[in-house]
Amino acid sequence: VKPMTPRCTVPKAVPVGKSASLHCHENEGFPKSTYSWYRNSEPLSPDTKANAKPHNSSYTLNPSTGTLVFHAVHKGDTGRYSCIATNDAGFAKCEEQEMEV
């Protein structure tokens, strides 16, 4: 079963240095969906160690729960976030939401 449009929760504004949690979830898809996050249409790597860009090192992304956690946000984390739920039958994307730091 193709995933439904996931429900995304993105904080509107987060003070610099604070943590922020972004959530993405849908429960129609079978098999269970995996989740990927995008900032300004650029994919966020689930493995931050593989990504050499230092400004991307402040988050943890769990593809099975759809949770994206910033440990200490900074100005570079400001942007439009969206999430895609994917399984063998297809994918669905939530609306982009702005997070300001």
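In what follows, the structure referred to is the one given above.
The sections below set out a description of the structure shown in this document. None of the values given here were measured: they were computed from a predicted structure. Each chain carries its own residue numbering, running from 1 in the direction its sequence is written. The model is predicted, so local features are restricted to residues of pLDDT at least 70 and side-chain atom pairs to those at 80 or more, both for listing and for counting; the totals for chains, interfaces and linings are taken over all residues. The basis for the side-chain values is all heavy atoms of the structure; hydrogens and waters are excluded.

1. Observations concerning the overall build of the protein
Elements are defined by DSSP. Helices are runs of H or I of four residues or more, strands are runs of E of two residues or more, and each kind is numbered from the N terminus. Looking only at helices and strands, one finds zero helices and nine strands in the protein. When the helices and strands of the protein are read in sequence order from the N terminus, they spell out β-β-β-β-β-β-β-β-β. Remark: exposure states derive from per-residue accessible area (1.4 Å probe, protein chains only) relative to the maximum for the residue type, with buried under 20%, exposed over 50%, and partly exposed in between. Per-residue burial for the protein yields a buried fraction of 39% across its 101 residues. It only takes one pair of heavy atoms within 4.5 Å for two residues to be counted as in contact. For the protein, restricting intrachain contacts to residue pairs at least 6 apart in sequence, the fraction spanning at least 24 positions comes to 61%. Where accessible areas are quoted, they stem from the Shrake-Rupley method and a 1.4 Å probe; at the residue level, only the protein chains shown are allowed to cover. Approximately 5800 Å² of the protein is accessible, and the part contributed by carbon and sulfur atoms is 56%.

2. Quick word on the packing of aromatic side chains
How two aromatic rings sit relative to each other is given by the distance of their centres and the angle of their planes. The aromatic pairing rule takes the rings of Phe, Tyr and Trp, using the six-membered ring of Trp, and pairs them if the centres are within 6.5 Å, calling planes under 30 degrees apart stacked, those over 60 edge-to-face and the rest tilted. Throughout the structure, instances matching the rule amount to two aromatic pairs. With centroids separated by 5.9 Å and ring planes inclined at 80 degrees, the aromatic side chains of Phe70 and Tyr81 adopt a geometry described as edge-to-face. Here Tyr81 lies in strand E7 (residues 79-87) and Phe70 lies in strand E6 (residues 67-70), a separation of eleven residues in the sequence. A relative accessible area of 0% means that Phe70 is categorised as buried. Among the aromatic side chains, those forming a connected cluster through ring pairs are Tyr59, Phe70 and Tyr81.

3. Let's talk about unusual backbone geometry
A cis amide bond links Phe30 with the next residue in sequence, Pro31, at an omega value of 0 degrees. Residue placement: Pro31 occurs in the loop between strand E2 (20-25) and strand E3 (34-39). With phi around 50 degrees, Asn40 is a residue other than glycine that occupies positive phi space. Looking at the element boundaries, Asn40 is found in the loop between E3 and strand E4 (42-43). Judged by relative accessible area, Asn40 falls into the partly exposed class, the value being 33%. Residues other than glycine seldom take positive phi values, yet Ser41 does so here, at roughly 70 degrees. Mapping Ser41 onto the fold places it in the loop between E3 and E4.

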